[in-house]
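Residues per chain are reported as follows:
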Amino acid sequence: MKTFASVEEAFKWFLVNIYPSLPPATKKGRLTTAWKDYTYNQGISEKRMKDILAEFGEINVKTVVSFKPN
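Residues numbered from 1 in each chain as written. Predicted model: local features only at pLDDT ≥ 70, side-chain atom pairs only at ≥ 80, totals over all residues. Heavy atoms only, no water.

**A word on the packing of helix α1 (residues 7-17) against helix α2 (residues 30-39)**
Across the interface, α1 lies against α2 with an axial gap of 11 Å and an inter-helix angle of 115°. Relative to α2, the element α1 is oriented roughly perpendicular. Crossing of α1 against α2: the hand is left-handed. Contacts from Glu8, Phe11, Lys12, Phe14 and Leu15 of α1 reach α2 at Leu31, Ala34, Trp35 and Tyr38. Residues belonging to the contact of α1 with α2 are distributed by class as follows: 7 nonpolar, no polar and 2 charged. (Axes fitted to C-alpha atoms, helices over the stretch in contact; angles between N-to-C directions. Helix = DSSP H or I, 4+ residues; strand = E, 2+ residues; numbered from the N terminus. Parallel < 35°, antiparallel > 145°, perpendicular 65-115°, else oblique. Left-handed = near helix turned anticlockwise from the far one by under 90°. Contact = heavy atoms within 4.5 Å. Nonpolar A, V, L, I, M, F, W, Y, C, P; charged D, E, K, R; others polar.)

Given below as structure tokens:
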């Protein structure tokens, strides 16, 4: 299991390490569109990144907010 600081960091790792080894038939459609949107900074939502990551593995996102009043 790999750990990342953000969903975007996990998605970037996925695009560099997993995406290239996928079969060509899998890379068609929405996956290719997501790759282009991310690679060329055209905008991709965190929800879309999480949906794609969940399609190829298990993803668990936790948000921690700490607040200490003065």
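**Focus on the pattern of salt bridges**
Per the counting criterion, the structure on display carries 4 salt bridges. A salt bridge links Arg48 to Asp37; the nearest nitrogen and oxygen atoms lie 2.6 Å apart. Within this pair, whereas Arg48 is found in helix α3 (residues 46-56), its partner Asp37 is found in helix α2, the two being separated by 11 residues in sequence. Two residues, Lys47 and Asp51, come together in a salt bridge whose shortest N-O distance is 3.2 Å. With Lys47 and Asp51 both in helix α3 and 4 residues apart, this pair spans about one turn of that helix. (Salt bridge = Lys/Arg side-chain N within 4 Å of Asp/Glu carboxyl O.)

**A word on the packing of aromatic side chains**
Going through the model one piece at a time under the given rule, you end up with 6 aromatic pairs. Taking the centre distance of 6.1 Å and the plane angle of 85° together, the rings of Trp35 and Tyr40 count as edge-to-face. Overall, Trp35 belongs to the partly exposed group, its relative accessible area being 27%. Feature note: the residues Phe11, Phe14, Tyr38 and Phe56 constitute an aromatic cluster, connected by ring pairs. (Phe/Tyr/Trp six-rings, centres within 6.5 Å; stacked < 30°, edge-to-face > 60°. Buried < 20%, exposed > 50% of the residue type's maximum accessible area, 1.4 Å probe, protein only.)

**Details of α2**
Within the sequence span of α2, burial applies to Leu31, Ala34, Asp37 and Tyr38. Angularly, the buried residues of α2 cover 125° about the axis, an arc narrow enough to put them on a single face. The inward-facing, buried residues of α2 contact α1 and α3. (Arc of directions from axis to C-beta.)

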